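Reading the structure
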Amino acid sequence: MSELPERREHPSLSMMYGTYADILFVLFPFLIIGMQRLWEGRLYEALLRPDLSIAAAILAGLAVGKFVLGLVTNRDLGRYKERIVFFIALTLFVVLGPAIILILSILGNSDVPDFVTFVQPILLIIAISLYTTAVSISNILTRSGMEDSLTGPREISACSDPGEPDQPRPAPLDLPRRTATTQQHDRSNP
């Protein structure tokens, strides 16, 4: 009998499926609107409507949320804060700001310039890329932060055998500190 090897999904593959599922759920209503306009023969008009900019703004907002989540999950991850703040600023500057400007400009004008038909899809592609990056960075940071907090720093003991791998020591108990009021209470009650 031959046994099939157990197939396990790599965590990054699961993360990728989850990320693209989020993107598909965001884009689903806009797909329906696009299909309706295609049915009516007005697909070009769909590119002159703010639908793609709205989708890009939603994904940019989700990306900023993921970046912030990766930043505030663990205090030890503060060394990455400049990088995360850079990606937040990049998302705001490259996607969210232009998407909001396009939404307002398209809704405010009856005559929409033709370059919007090229800018909106590019903006949406950039938003999808930044959201994917945000999810990856957030998961990497939270995973590394959780691994560090679960295992704790590794210490080498003097009695360990150099041939054996060091076993991680259990984390010390987190006991509350004694305050001045508890010390005074202990002195008054012998």
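Scoring rules and cut-offs
Residues numbered from 1 in each chain as written. Predicted model: local features only at pLDDT ≥ 70, side-chain atom pairs only at ≥ 80, totals over all residues. Heavy atoms only, no water. Helix = DSSP H or I, 4+ residues; strand = E, 2+ residues; numbered from the N terminus. Buried < 20%, exposed > 50% of the residue type's maximum accessible area, 1.4 Å probe, protein only. Areas by Shrake-Rupley, 256 points an atom, 1.4 Å probe, with all protein chains shown as cover. Expected span 1.5 Å × (residues − 1). Patch = residues over 30% accessible without salt bridge, like charges linked within 9 Å, V, L, I, M, F, W, Y side chains within 5 Å. Salt bridge = Lys/Arg side-chain N within 4 Å of Asp/Glu carboxyl O. pLDDT = per-residue confidence, 0-100. Contact = heavy atoms within 4.5 Å. Polar contact = N/O pair within 3.5 Å; in protein donor to acceptor, adjacent residues only side chain to side chain. Phe/Tyr/Trp six-rings, centres within 6.5 Å; stacked < 30°, edge-to-face > 60°.

1. A word on the overall build of the protein
Scanning the protein from N- to C-terminus turns up six helices and zero strands. In the protein, which comprises 190 residues, the share counted as buried stands at 26%. By element, 64% of the accessible surface of the protein is carried by carbon and sulfur atoms, the whole surface being about 14,100 Å².

2. What to know about helix H4 (residues 81–108)
With 28 residues, H4 ought to run about 40 Å at 1.5 Å a step, and its terminal C-alpha atoms sit 38 Å apart, in line with that. Among all positions in H4, only Ile-84, Ile-88, Thr-91, Val-95, Leu-96, Ala-99, Leu-102, Ile-103 and Ile-106 are buried.

3. A closer look at the environment of Leu-31
Take Leu-31: it is sitting in helix H1 (residues 11–39). Put simply, Leu-31 and Leu-52 are 21 residues apart on the chain and 9.8 Å apart in space, counted from C-alpha to C-alpha.

4. A few points about a nonpolar patch on the surface
There is a patch of nonpolar side chains on the surface, built from Leu-13, Met-16, Tyr-17 and Tyr-20 and spanning about 370 Å² of accessible area. Note that Tyr-17 resides in helix H1.

5. A closer look at the confidence of the model for the protein
Per-residue pLDDT for the protein averages 77, and the proportion of residues at 70 or more is 67%. Considering each helix and strand of the protein separately, the mean pLDDT is smallest for helix H6 (residues 180–188), with a value of 58, and largest for H4, with 90. The low-confidence segment residues 153–164, where pLDDT is below 50, has six contacts with residues more than four positions distant or belonging to other chains.

6. Topic: the side chain of Arg-37
Tracing the backbone through its elements, the reader meets Arg-37 in helix H1. One polar contact links Arg-37 to Asp-51, side chain to side chain, over a distance of 2.9 Å. Those residues in contact with Arg-37 that sit more than four places away from it in its chain are Arg-42, Leu-43, Ala-46, Arg-49 and Asp-51.

7. Details of helix H3 (residues 51–72)
The end-to-end C-alpha separation of H3 is 32 Å, in line with the 32 Å expected for 22 residues at 1.5 Å each. All buried positions along H3 are accounted for by Asp-51, Leu-52, Ser-53, Ala-55, Ala-56, Ala-57, Leu-59, Ala-60, Ala-63, Val-64, Phe-67 and Gly-70.

8. Here's the deal with the pattern of salt bridges
On inspection of all chains with the given rule, the structure shows three salt bridges. In this structure, the salt-bridge partner of Glu-40 is Arg-42, at a minimum N-O distance of 2.5 Å. Its salt-bridge partner being Glu-45, residue Arg-42 comes within 3.6 Å of it at the nearest N-O pair. When salt bridges with common partners are traced through the structure, they connect Glu-40, Arg-42 and Glu-45 into a single cluster.

9. Section: the packing of aromatic side chains
For any pair of aromatic rings, the description consists of the separation of the ring centres together with the inter-plane angle of the planes. All chains considered together, the criterion is met by two aromatic pairs. Aromatic side chains Phe-67 and Phe-87 sit 5.5 Å apart centroid to centroid with 15 degrees between the ring planes, which places their arrangement in the stacked category. Of the two residues, Phe-67 sits in helix H3 while Phe-87 sits in helix H4, which places them 20 residues apart along the sequence. With a relative accessible area of 1%, Phe-67 lands in the buried category. Pairing Phe-86 with Phe-87 gives two aromatic rings, centres 5.6 Å apart and planes at 65 degrees, and the pair type is edge-to-face. Three or more aromatic residues joined by ring pairs form one cluster here, namely Phe-67, Phe-86 and Phe-87.

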